[in-house]
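Take a look at the letters that make up each chain.
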Amino acid sequence: MFQKILIANRGEIALRIIKACQKLKINTIGIYSKADEKALHTQSADEAYYVGGSRVAESYLNMDRIIQVAKDTGADAIHPGYGLLSENADFAEACHAAGITFIGPSPEVIKAMGDKIEARKVMVESGVPVVPGTKKPLKNLEEAVETANKMGYPIMLKASAGGGGMGIEVIQDENELNQKFMNNQKRSKSLFSNDEMYLEKFIKNPRHIEVQILADNYGNTVHLWERDCSIQRHHQKVLEEAPAEFLSDVTREQLARTAIKAAKSLAYTNAGTIEFLVNDNEEIFFLEMNTRLQVEHPITEEITGIDIVEEQIRIASGQKLRYSQEDIQSDGHAIEVRIYAEDPVTFFPSPGTITNISLPEGEKIRHELAVCKDAVVTPFYDPLIGKLIVKGADRQEAILMVKHAVEDYVIDGIKTNIPTLKEIVSHPKFNRGELTTNFLREEFNTSSGSNRR
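Given the structure is predicted, the values throughout are model-derived calculations rather than measurements.

Asker: Let's hear about the environment of isoleucine 399: which residues, and what values?
Answerer: For isoleucine 399, the position within the fold is in helix α12 (residues 395–407). On the basis of relative accessible area, isoleucine 399 is assigned to the buried category, the value being 4%.

Asker: Lay out the nonpolar core in plain terms, naming residues and giving numbers.
Answerer: Of all hydrophobic cores here, the largest spans 36 residues; its most connected members are Phe2, Ile5, Ile26, Leu214, Leu224 and Ile313. Elements that contribute at least two residues to this core include exactly β1 (4–7), α1 (11–23), β10 (221–233), α10 (297–304), α11 (308–316), β14 (333–340) and β19 (384–392). Top contributing element to this core by residue count: α1, with six residues. Look past the residues within four positions of isoleucine 313 in its chain and what remains in contact with it is Met1, Phe2, Ile5, Ala20, Cys21, Leu24, Ile26, His79 and Ile103. Judged by nonpolar contacts, the second largest core, of 34 residues, contains Val337, Val371, Leu388 and Met401.

Asker: Just give me the short version of the pattern of salt bridges, but keep the residues and values in it.
Answerer: Enumeration over the complete set of coordinates arrives at 38 salt bridges. In this structure, aspartate 307 engages lysine 23 in a salt bridge whose closest nitrogen and oxygen atoms are separated by 3.5 Å. With a gap of 284 residues between them, aspartate 307 in the loop between α10 and α11 and lysine 23 in helix α1 connect regions that are remote in the sequence. By relative accessible area, which is 15% here, aspartate 307 ends up buried. A salt bridge links arginine 338 to glutamate 296; its shortest N-O distance comes to 2.9 Å. Of this pair, arginine 338 sits in strand β14 while glutamate 296 sits in the loop between β13 (284–290) and α10, and the two are 42 residues apart along the sequence. For the pair arginine 338 and glutamate 296, one class covers both residues: buried. Sharing partners across several salt bridges, the network here consists of Arg16, Lys23, Glu301, Glu302, Asp307, Glu310, Glu311, Arg314, Arg322, Arg366 and Glu368.

Asker: An account of the packing of aromatic side chains is needed here, citing residue identities and associated values.
Answerer: On inspection of all chains with the given rule, the structure shows five aromatic pairs. Where phenylalanine 439 meets phenylalanine 444, the ring centres are 5.9 Å apart and the plane angle is 55°; that geometry is what we call tilted. Both residues of the pair, phenylalanine 439 and phenylalanine 444, count as buried. Here the guanidinium or amino end of arginine 233 rests over the ring plane of phenylalanine 347, the centre of that ring lying 4.3 Å away. Lying across the ring of tyrosine 218, lysine 320 places its NZ or CZ 5.4 Å from the centre.

Asker: Give me the sheet that holds strand β2 (residues 27–33): which residues, what numbers.
Answerer: What the five strands build is an open sheet, ordered β3-β2-β1-β4-β5; its pairing is parallel. The sheet is open, and its two borders are formed by β3 (47–52) and β5 (101–102), each paired with just one other strand. Where strand β4 (residues 77–79) and β5 come together, two bridges link them in parallel fashion. Counted as the bridge partner of alanine 77 is threonine 101 from β5.

Asker: Pulling in residues and values, what's your account of unusual backbone geometry?
Answerer: For the peptide bond that leads from tyrosine 153 to proline 154, omega is 0°, which places it in the cis range. Following the sequence through the fold, proline 154 ends up in the loop between α7 (141–151) and β6 (155–163). Omega for the bond connecting alanine 242 with proline 243 falls within 30 degrees of zero, at 0°, which places this linkage in the cis form. Here proline 243 shows up in the loop between β11 (236–242) and α9 (249–265). Unlike most non-glycine residues, glutamate 282 shows phi in positive territory, near 60°. Positionally, glutamate 282 belongs in the loop between β12 (270–278) and β13. Given a relative accessible area of 22%, glutamate 282 falls into the partly exposed group. For aspartate 374, which is not glycine, the phi dihedral falls at a positive 75°.

Cut-off values and rules
Residue positions are given per chain, counted from 1 along the sequence in the order it is written. With the structure being a predicted model, the display of local features is reserved for residues of pLDDT at least 70 and the display and counting of side-chain atom pairs for 80 or more, all residues being used for whole-chain, interface and lining totals. Hydrogens and water are ignored here; the side-chain numbers use all heavy atoms of the structure. Only DSSP runs of H or I covering at least 4 residues are called helices, and only runs of E covering at least 2 are called strands; the numbering of each starts at the N terminus. Under the scheme applied here, a residue whose accessible area is under 20% of the maximum for its type counts as buried, over 50% as exposed, and between as partly exposed, the area being computed with a 1.4 Å probe on protein chains only. Grouping buried Ala, Val, Leu, Ile, Met, Phe, Trp, Tyr and Cys residues that are joined through side-chain atoms within 4.5 Å yields what is termed a nonpolar core. In this description, contact between two residues means that some pair of their heavy atoms is separated by no more than 4.5 Å. Salt bridges are counted wherever a side-chain nitrogen of Lys or Arg sits within 4 Å of a carboxyl oxygen of Asp or Glu. The aromatic pairing rule takes the rings of Phe, Tyr and Trp, using the six-membered ring of Trp, and pairs them if the centres are within 6.5 Å, calling planes under 30 degrees apart stacked, those over 60 edge-to-face and the rest tilted. Criterion for a charge above a ring: Lys NZ or Arg CZ within 6 Å of the ring centre, and within 35 degrees of the ring normal. A strand pair is defined by DSSP finding two or more bridges across the two strands.

Remember that the coordinates give geometry; whether it matters functionally is a separate question.
Below, the structure written as structure tokens:
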């Protein structure tokens, strides 16, 4: 087992990893930027080191500096969390070159799944159903128009290197494609240093269902059931629940089998998530693979009793999976809502100082939180400040619990999305389980706003 782990991240996920390391009696090394000198993750790690200025490019994306800190402190491994460097193949390779274990899959797998066109190709070759679309990068606008006319509108225009909801645009007709292709190409180049674009057929009224998998270095792969992540704003998840209750048993088993098949085709190791779209007829289509821990991993932990971060660390240290597929049962129903420091009307980030905070309490209420009273929410990072997780005996009980919990959740001094969350969990369609990825856009007119992980 590792003796020291450097956590190449910040905020609530850094705190979550620290908790898992404490459970395993592993010393933690935190890193912080100028803006995060007094942050909770900085104070909670056994050691913490400054890595650069407030902007992410100066600090949390500063690969050379982070690896140097790991070397200087004698870290055995680096856990990247999610976002930032977690799906950066160059960073994973640099860790290996420095003799430091990267807690995640191989650089080759990260690279293959990070390129969405390559990922589609790999899945097609493995017999995994994918959303119909282009197999190669589009050369130019003319090729895009010709292809879209053959496919039929509406279509999805996507950046090959995109992720976390970024680089995606729904296109309704040829005129709109003419207007937006070049701009999206330029934006992709700016965000991802890659301007390759591709097209997918737009799936009407889909549900976004994902399957959590764990895989060790000895060929053992298991799934931890599925999550429903359909409630999204601009392709960014807002509320997630597990299991996805309104699936037939046949479709649930198909999703699980397909996720295992996809992971094994890659010789995948560590934790990962296979994401699917499921249409009205319960046809499933591969969407993408996230080669990292997910923001919503706690709801899977709640229904399975498995600590996913602990398992990540154990797998990376060379241990075999401790669970067979038969050992992993789904019990109860869990819901997670994401707490953002954002204006609930405009959805713009709302930095500032938290003057008061009061959290709901209960045996089956869990908090993953990166702030406290007098904490400063800076404008430099993703405005996700925490997650509220509840577990009920069934979906109805979980909904009742989350309704009461968001009513009792108080953060003063900054604006948050809590008013929006209250409306979502009280909405009749949500309570009836009538969920699609269009839910927020249709019921709350949330088509505007920025993308996030």
